[in-house]
Amino acid sequence: MKPILIFLASAVIAAPALAQTSTFTIGPRYSNYDTDVDLGIVGVDTGRQSAFGLTGDYRSGAVVFDFMFDHDPENGISIIDILPLDVATYERDRGEMMVGYAALPSLDLTLGARFDTATFGTGTFDIGDLFSGADFDHQAIALGVNLHSPSRRPIGVYAQLRGYIGSGKIEESGVRLSSDTTGFRVEGGVLIPIGESSWSVAPAVEWETLEADDLGLKLNTNRLIVAFVYRSRP
């Protein structure tokens, strides 16, 4: 809840700038990801899987809003180095809402909120209590730096670096444990205009790490992303 309140307060402070000339982008994105879930005693890996999401931003003068959401549908996961079988399930939603300031035409400094919800469940086998079905909930304050080309013609490029400080909880069989969390995400890609239209295709790559030390939980994810982005004209 606290990160959400920070985001809303920042948005209210930034509201007077919204009277200026503004533009927005929005579009769906597909990602092919692999998540390694380190549980201390045992690790699991999703293998290459598909996810779907939405991305966009809003710019008015020096004020920037942006958001991202991904849904990783339920998939089988395998126990690393023990069984080459899909013995459990993995499902995850994650999202970010950011507000920031364009310090330079190619540089944005941002602050906002990050959330994750994930489920780890059991398939054919029962590997410890955690795999009988556990839910992981995570919220964090996000700090970010966005680098991007001023224009996307003839081609645009961008890079994002975001760090997270928050808290996470795991609940399994009615027992809830909590931990402080840290993490970071790096994403970079290119924006390729589709003819003279307002649409662009944006292939990108991403690496992300989230850690909850008191829970013995670490999630490492890499993604290959393709987004289709519409940009309004000023």
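A. Summary view of the packing of aromatic side chains. The full count for this structure, using the stated rule, is six aromatic pairs. Relative to Tyr 230, the ring of Phe 24 has its centre 6.1 Å away and its plane inclined at 45°; by these criteria the two rings are tilted. Of this pair, Phe 24 sits in strand β1 (residues 22–38) while Tyr 230 sits in strand β11 (residues 217–231); the two residues are 206 residues apart in sequence, bridging distant segments of the chain. With a relative accessible area of 34%, Phe 24 lands in the partly exposed category. Every member of this aromatic cluster is reached through a ring pair, and the members are Phe 24, Trp 199 and Tyr 230. It is Arg 114 that lies over the ring of Tyr 164; its NZ or CZ is 4.8 Å from the centre.

B. Fine view of the pattern of salt bridges. Applying the stated criterion across every chain yields a total of 20 salt bridges. We note a salt bridge from Glu 208 to Arg 92, for which the minimum N-O separation is 2.9 Å. Of the two residues, Glu 208 sits in strand β10 (residues 199–212) while Arg 92 sits in strand β5 (residues 86–104), which places them 116 residues apart along the sequence. For the residue pair Glu 208 and Arg 92, the accessibility class agrees, reading buried in each case. A salt bridge links Glu 206 to Arg 94; the nearest nitrogen and oxygen atoms lie 2.9 Å apart.

What counts as what
- Residues numbered from 1 in each chain as written.
- Predicted model: local features only at pLDDT ≥ 70, side-chain atom pairs only at ≥ 80, totals over all residues.
- Heavy atoms only, no water.
- Phe/Tyr/Trp six-rings, centres within 6.5 Å; stacked < 30°, edge-to-face > 60°.
- Helix = DSSP H or I, 4+ residues; strand = E, 2+ residues; numbered from the N terminus.
- Buried < 20%, exposed > 50% of the residue type's maximum accessible area, 1.4 Å probe, protein only.
- Lys NZ or Arg CZ within 6 Å of the ring centre and 35° of its normal.
- Salt bridge = Lys/Arg side-chain N within 4 Å of Asp/Glu carboxyl O.

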